[in-house]
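# Results of the structural survey
Next come the chains, spelled out residue by residue.
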Amino acid sequence: MAKPRKNTNGDTLYAEVALPLPVRKLFTYRLHDGVDKEPLPGSRVVVPFGKRELTGYLINVLKTLPENSRFEDAEIKAISKVIDAEPLITDEILRLAEWAADYYAASLGEVLKASLPAGINAVIEKMYQITPKGREALDGDGRRKAAKWDILKQLSENGPASERDLAKIFGKAASSRAVRELKNEVFITQDHQKIEPRVKTKRQKAVRLLPLALDEQEKPLTHDQQRIIGGLAKAGGEMLFTDVLESVGVGASPINTLAKRGILEVFVREVRRDPFIGDAVGNRPKLELNGDQKNALTAVSASLKESEYKAFLLHGVTGSGKTEVYIRAMETALEMDRSSLMLVPEIALTPVFSRRLREAFGSSVAILHSNLSAGERFDEWQRIRNGTARIAIGTRSAVFAPLADIGLIIVDEEHDTSYRQNESPFYNGRDLAVMRAHAAEAVIILGSATPAIESFHNAKTGKYHYLQMPTRIGGRPLAEAELIDMREVFKRAGKDVVFSPKLIDAIKETKAKGEQTMILLNRRGFSSFVLCRSCGESLRCKNCDITLTYHKFDRSLTCHYCGYTTEPPAKCPFCSSEYLYYIGPGTEQLEEVLQKLLPDLRIARVDRDTMSRKGEMTKTLSAFDRGDTDVLVGTQMIAKGHDFHNVTLVGVVSVDNGLGLPDFRSAERTFQLLTQVAGRAGRGDLAGRVLIQTYYPEHYTLRHAAEQDYEGFYAEEVKYRSRMAYPPFVVLASILIKHKDEQYAMRSGRILRNALDNANTAGTSRILGPAQASISRIRNEYRFQIILRSTNRKDLRRLIDAALTEAETRGCDRRILFVEIDPISLM
């Protein structure tokens, strides 16, 4: 056993470590003498955990065991290895993660893991080596034919090997069984772990000219050598080795000869994996701010110069010029030597905004999102951490970007539900951004044309400072919106139609004028589900309680929750009827129907099916922007952030789907989606028009969306929220119970409900459930839900914590409980 490490006073030192496991506790380990110096909080460490070794995150170093420790000193295990000489996680990000874990009732270890770029965490492998006893056994009879003897021979001849290497050579099952036997017989030992991150700094061989070396040469240079030197001189004296070979067209031999003669040096240098490579940007156009923009910028700049926390809700209609305000505010922050962070809701928007930012700030901009390769993400994260990049833009997880001295945070489209992490650890990137700004005494701008109800309520109550930009740039009018009553269309056509005649005529007119159209349907695939007209059964996923979506391009029925795919049957699997009916159009069907109706149209489709390949989104949107496409059909991916000046018509198909969802935010989401997509029309010098097809034109959401009247919608929506006790008037929490055994899940749900009732002593909370979730089974896990409403946030948290503790003592399985504070959706 390793000796315990002591400080200068002779005290044994202990470490509290957060592990990336779904448990809300820290684990105590002992620091041992093998550690060169006392590690600092935020460092990664390797620790034993049961039979495994895990990478954890050091939170505190202690002189004594915590008072609540259940173990004696001798029982405390030692840290296996300290990975980082200097903390990888900054103190600011560590504090932010601690707040997030506490607020969202999440695991601190999982939050810290989410804060780092994928691939940076160490891969820990068990390493095996042969013992003297093993060598004796092998020498005694080296001809025995069994996997364990082959493994023993491998270790004897080639030295220590990792578990992964042995599995590759001998097969996973055979090597696992053989290793277990060899360890039991003490023929091998598991001595240490090989610790390697999956992604590292990239290094490549390079060549540089040495100063004054040519003046000292007596021997003349060959033609190839002269070309190499000329190429290097033209490139500034330094190039990658491979670039010299390609650009000059020579082999490696003359380069090596020049190196031997001391004319140039061959060395290894770090190479940045640049996500922007090949994406050149022009000079930033000089734009004159209008009155609304100047007022907003003046307020933000004044707060930046005060170096105090202030939160602004920037409520600007689509096309009002919010992005220019963001950029000017970033310029002010940089002038004060403070960094800036910009969050956008979706990956599709990052190319648009990053190009604008790079026009203004050049290489000071770094980008972070999950569509980057692991290497690109790592390099961008490193540029942010070492201060090379002072401006970061990214999606939800970029809220953890390790920017130093952050002065400004911008959350664009702050209402968007994509800021919510929908798997453990649950958190809201927008709300974390507010807390980060508060802790850093920074300014935060929450920008939207359709603010979240809670954000607008915060502005109304004075928690946020309200800035309004009610007019478009250049005084351009908002697009005129019109509701098309599909009930009347059905009466005239005698059947359901995808496109109303009015929308088709408008598309024709738009094409004839050389203008462009966008068509929104927030549902991908060809048909939403398949129904048997004889027995009434629908084709459902075998793993989930959901219908399968038909995709015509590959003739498949697919579950969009678990990925299960099967071929469409010729007959109903329930009654053998041939009358299968494909119901509910998706974007794939829209594209096909529109192409048949108007064959001359050049149509592109943007949804998750067509945009799965890297770079495809940028390519498609760029082609549309150039005018190579007449109509862009898509899901909500096309609804926000895009600025196409030749789009004068937006059509919305089947808008009623969103209103019918069993969720209290369905009206708000529908209003936001309609307003956002309507904002894509008429952004240039031409007037815009929006046609919305609906079977429910009387609904207040659609009426206010057509009028683009946010305050009117807010007034009606908050009446409903207040009457039904929903946020922002109450605090909401959801506890999901998931397990493959339905009865087991329900049993834990009932135990938890009883514990919640017992803990609800203040009576400030209302508890509903457990009941089946809206989708009762996903990936073969049965799902039950408990919903809690409270008028007091602290009481709600105390209630949940106390109930979870009591429920666990009564046999509730904590591992199958998933707590969400402030859930975005109750589905």
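For the structure itself, consult the block above.
Here's what I pulled together on the structure shown here. Note on numbering: residues in each chain are counted from 1, in written sequence order. Given that this is a predicted model, residues contribute local features only at a pLDDT of at least 70 and side-chain atom pairs are listed and counted only at 80 or more, while totals for whole chains, interfaces and linings are drawn from all residues. Values shown for side chains rest on all heavy atoms present in the structure; no hydrogens or waters enter the calculation.

## What about the packing of helix α7 (residues 223-234) against helix α9 (residues 252-260)?
Helix axes are fitted only over the stretch in contact, all axes being lines through C-alpha atoms; the angle between N-to-C directions runs from 0 to 180 degrees. Labels follow the DSSP assignment, with helices taken as runs of H or I lasting at least four residues and strands as runs of E lasting at least two, numbered in each case from the N terminus. One way to put it is that α7 packs onto α9 with a least axis distance of 10 Å and a crossing angle of 80°. One element, α7, and the other, α9, form an angle in the roughly perpendicular class. Where α7 abuts α9, its residues Asp224, Gln225, Ile228 and Ile229 lie against Pro254, Ile255, Thr257 and Leu258. In the contact of α7 with α9, the residues fall into five nonpolar, two polar and one charged. Comment on the angle field: the value is read as roughly parallel under 35 degrees, roughly antiparallel over 145, roughly perpendicular from 65 to 115, and oblique elsewhere. Contacts: residue pairs with any heavy atoms within 4.5 Å of one another. Note that Gly is not counted as nonpolar here; it falls among the polar residues with everything else outside the nonpolar set of Ala, Val, Leu, Ile, Met, Phe, Trp, Tyr, Cys and Pro and the charged set of Asp, Glu, Lys and Arg.

## Quick look at the sheet that holds strand β19 (residues 480-485)
Here, a strand pair is defined by DSSP locating no fewer than two bridges between the strands. Overall, parallel pairing links the six strands, which are arranged β19-β29-β28-β20-β27-β26 in an open sheet. At either margin of the open sheet sits one strand with a lone partner, and together these are β19 and β26 (603-606). Sheet twist, expressed as the average angle between the axes of neighbouring strands with direction ignored, equals 20°. Relative to strand β29 (residues 689-694), β19 runs parallel, the two being bridged by six bridges. Following the sheet pairing, Ala481 is matched in β29 by Val690. Seen against the sheet, helix α16 (residues 486-493) touches β19 and β29 and runs at an angle of roughly 45° to β19.

## Points about helix α1 (residues 91-103)
One less than the residue count of a helix, multiplied by 1.5 Å, gives the span that helix is expected to have. Under the 1.5 Å per step criterion, the end-to-end length of α1 is 18 Å for 13 residues, consistent within 8% with the ideal 18 Å. Exposure classes here rest on a 1.4 Å probe applied to the protein chains alone. A residue is buried below 20% of its type maximum, exposed above 50%, and partly exposed in between. When α1 is considered as a whole, its buried residues turn out to be Ile93, Leu94, Leu96, Ala97, Ala100, Ala101 and Tyr103. Lining the buried residues of α1 we find β4 (52-62), α2 (108-115), α14 (429-440), α25 (793-809) and β33 (817-821). Directly after α1, the chain includes Ala105, whose backbone phi takes a positive value near 55°.

## Considerations on the pairing of strand β28 (residues 647-652)
Where a strand is regular, its side chains alternate between the two sheet faces. The element β28 is largely enclosed, with a buried count of six among its six residues. Strand direction decides the pairing type here: strand β20 (residues 516-520) and β28, joined by five bridges, are parallel. Within β28, the position partnered with Ile519 by the bridge is Gly651. Two strands pair when backbone bridges link them, and β28 and β29 are joined in this way by four bridges, in the parallel orientation.

## Brief notes about the pattern of salt bridges
A side-chain nitrogen of Lys or Arg and a carboxyl oxygen of Asp or Glu constitute a salt bridge if their distance falls within 4 Å. All told, the structure shown has 54 salt bridges when counted by the stated rule. With its nearest N and O atoms 2.9 Å apart, the salt bridge here joins Arg602 to Asp630. Residue Arg602 is located in the loop between α18 (587-597) and β26, and its partner Asp630 is located in the loop between α19 (616-626) and β27 (631-634); the two are separated by 28 residues in the primary sequence. Members of the salt-bridge network, linked through shared partners, are Glu454, Arg665, Glu668, Glu717 and Arg721.

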